[in-house]
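# Geometric and topological summary
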Amino acid sequence: MRQTWPPRFVFVLCLVLTVDLSWSVELTTNMTEILREHKIIPDCVPIEPPQFLEVNYVHTVVEFGIQLDTLTVMYQPTDLKWKAEKDSYYTILLTGLDVPTRENNSVSQYKHWIVGNVPGNAFFAGETIVEYVGTGLPYGKGMHRLVFLVYEQPDKKRIIFDEEIVRKESNKELRMYFCAQKFFRKYNMQTAIAINFMRVEELL
């Protein structure tokens, strides 16, 4: 006997398929220009990654280069999406470029969040190396660039990371003097596959 699907079920199924496909977005020429305008290239990455990384906080979608306040980014994102292969592993990074300020970034980069061995784009199932923190000290007053990056791990395999695990309550110095490119080269991850960034203003 032939299976007949109720109209409501068919509608919902079509909607789900549409949502699943819609977030696979290639980086546009305009996005590349924005990366150069804000000096994400070359301050963070040498070339533009091929994909746009969808990032969502509670009630907030991180549009490319959006300006947000410190309260919005206080807790880690609720959702991340990029075009991932189900049998591959990925590493996610959120790094701050302007510590203590953009004019005087003597601390270099500041690692806010690192999750490795992410299966597909299920970031919640990955291995947390650096627990998420928002902005605040050691950031100074002004606008700060925070960049999300996704790298595919080599040979579609898990990595044994030899980094010290950084907790929220750990000494902030463990997050300072970071270099994203150096970190990824250490584990043979050559170029980022997805990117997004935001600007967060510290008022105090």
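No experiment lies behind these values; they were computed from the predicted model shown. (Residues numbered from 1 in each chain as written. Predicted model: local features only at pLDDT ≥ 70, side-chain atom pairs only at ≥ 80, totals over all residues. Heavy atoms only, no water.)

On to unusual backbone geometry, then. Excluding glycine, residues mostly carry a negative phi; peptide bonds, for their part, are mostly trans. With an omega dihedral of 15°, the bond running from Ile41 to Pro42 counts as a cis peptide bond. Looking at the secondary structure, you find Pro42 in helix 3 (residues 40–43). With an omega of 0°, the peptide bond running from Val99 to Pro100 counts as cis. Note on placement: Pro100 falls in the loop between strand 6 (89–99) and strand 7 (108–119). Residues other than glycine seldom take positive phi values, yet Lys156 does so here, at roughly 55°. Along the polypeptide, Lys156 turns up in the loop between strand 9 (142–152) and helix 4 (180–186). Looking at Lys156, the relative accessible area reads 37%, which means it is partly exposed. (Helix = DSSP H or I, 4+ residues; strand = E, 2+ residues; numbered from the N terminus. Buried < 20%, exposed > 50% of the residue type's maximum accessible area, 1.4 Å probe, protein only.)

Another point: the pattern of salt bridges. Applying the stated rule across the entire model yields nine salt bridges. In this structure, Lys156 engages Glu85 in a salt bridge whose closest nitrogen and oxygen atoms are separated by 2.9 Å. Taken as a pair, Lys156 in the loop between strand 9 and helix 4 and Glu85 in the loop between strand 5 (79–81) and strand 6 lie far apart in primary sequence, 71 residues in all. Notably, a salt bridge pairs Arg167 with Glu131, separated by 3.2 Å at the nearest N-O pair. With Arg167 in the loop between strand 9 and helix 4 and Glu131 in the loop between strand 8 (127–130) and strand 9, the pair connects residues that are 36 residues apart, well separated along the chain. The class for Arg167 is partly exposed, based on a relative accessible area of 39%. Taken together, the shared-partner salt bridges in this structure form one network comprising Asp43, Asp98 and Arg145. (Salt bridge = Lys/Arg side-chain N within 4 Å of Asp/Glu carboxyl O.)

Let us now look at the side chain of Ser88. Locating Ser88 in the fold gives a position in the loop between strand 5 and strand 6. A distance of 3.0 Å separates a polar atom in the side chain of Ser88 from a polar atom in the side chain of Glu152. When neighbours within four sequence positions are excluded, Ser88 is seen to be in contact with Val118, Pro119, Gly120, Glu152 and Lys156. (Polar contact = N/O pair within 3.5 Å; in protein donor to acceptor, adjacent residues only side chain to side chain. Contact = heavy atoms within 4.5 Å.)

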